[in-house]
Amino acid sequence: MNGQASPATRLHDVRIVNEQTGDAWSAAAAAIERGRIVVRPAKAPPPSLLDRRGSTFTITALDAAGRVRSFPHTTYSPDASEPPKTYVFV
């Protein structure tokens, strides 16, 4: 490795589901950046989706090759997020 960050993996047709409540949110695109899933939505998530600090989420999306990618048991990182521009999950 030369110390440079790897390029982001682009995702589209993103769906975020709160594993505890079943609340869901869709976004057109996201990226995997430095091991984090960064969602940059056109509209904010429903308020109830991110209410509970201990919630976990399953994120599903399509990658550039059209393969389904699934990321279960992620958590929302409010400290790394900048609502309403970016929402970060780890």
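Above: the structure in question.
First, a word on what this report is: a plain description of the structure on this page. Numbering of residues begins from 1 in every chain and follows the order in which that chain's sequence is written. Where totals are concerned, whole chains, interfaces and linings use all residues; where local detail is concerned, this predicted model gives features only for residues with pLDDT of at least 70, and gives and counts side-chain atom pairs only at 80 or more. Where side-chain values are given, they derive from all heavy atoms of the structure, hydrogens and water being excluded.

**A look at the overall build of the chain**
Each helix and strand counted, the chain has zero helices and six strands in total. Strands here mean DSSP runs of E at least two residues long; helices mean DSSP runs of H or I at least four residues long; both are numbered from the N terminus. Helices (α) and strands (β) of the chain occur, in sequence order from the N terminus, as β-β-β-β-β-β. Here the chain has a C-alpha radius of gyration of 13 Å; the compact-globule value for 90 residues is 12 Å, and the two agree. C-alpha atoms of the chain, sized along the principal axes, occupy 40 × 30 × 25 Å. Accessibility here uses a 1.4 Å probe with only protein chains present; expressed as a share of the type maximum, an area under 20% marks a residue as buried, one over 50% as exposed, and anything in between as partly exposed. A burial count over the chain gives 36% of its 90 residues as buried. The contact definition used throughout considers only heavy atoms, calling two residues in contact when any of these lie within 4.5 Å. Restricting to contacts in the chain with at least 6 residues of sequence separation, those with at least 24 account for 47%. In short, Shrake-Rupley with a 1.4 Å probe defines the accessible areas, and a residue's cover is counted only from the protein chains shown. Taken as a whole, the chain presents about 5600 Å² of accessible surface, with 52% of it coming from carbon and sulfur. In this tally, Asp and Glu contribute negative charge and Lys and Arg positive charge; neither His nor the terminal groups of the chain are included. Every charge is mapped onto a representative atom, which is NZ of Lys, CZ of Arg, CG of Asp or CD of Glu. Distance between charge centroids for the chain: 4 Å, based on 11 positive and 8 negative side chains. Here the globule rule is a power law, 2.2 Å times the number of residues to the power 0.38, and the radius of gyration is based on C-alpha atoms.

**A word on the pattern of salt bridges**
We define a salt bridge as a side-chain nitrogen of Lys or Arg found within 4 Å of a carboxyl oxygen belonging to Asp or Glu. Counted by the stated rule, this structure contains four salt bridges. The partner of Glu-82 in a salt bridge is Lys-85, with the nearest N and O atoms 3.5 Å apart. The exposure class of Lys-85 is exposed, given its relative accessible area of 56%. Residues participating in the shared-partner salt-bridge network are Asp-63, Arg-67 and Arg-69.

**Overview of the sheet that holds strand β3 (residues 36-39)**
Two strands pair under a simple rule: DSSP has to find at least two bridges between them. What the six strands build is an open sheet, ordered β5-β4-β1-β2-β3-β6; its pairing is antiparallel. The open sheet has two edge strands with one neighbour each: β5 (68-74) and β6 (87-89). In this sheet, adjacent strand axes meet at a mean angle of 35 degrees when their direction is disregarded. Examined bridge by bridge, β3 and β6 share three bridges and lie antiparallel to one another. Axis geometry follows a simple rule: fit a line to the C-alpha atoms, using only the stretch in contact for helices, then measure angles between N-to-C directions, giving values from 0 to 180 degrees.

**Some details on the side chain of Thr-74**
Looking at the secondary structure, you find Thr-74 in strand β5. The class for Thr-74 is buried, based on a relative accessible area of 7%. Non-local contacts of Thr-74, meaning those with residues more than four positions away in its chain, are made with Ile-37, Ser-55, Thr-56, Phe-57, Ile-59, Phe-89 and Val-90.

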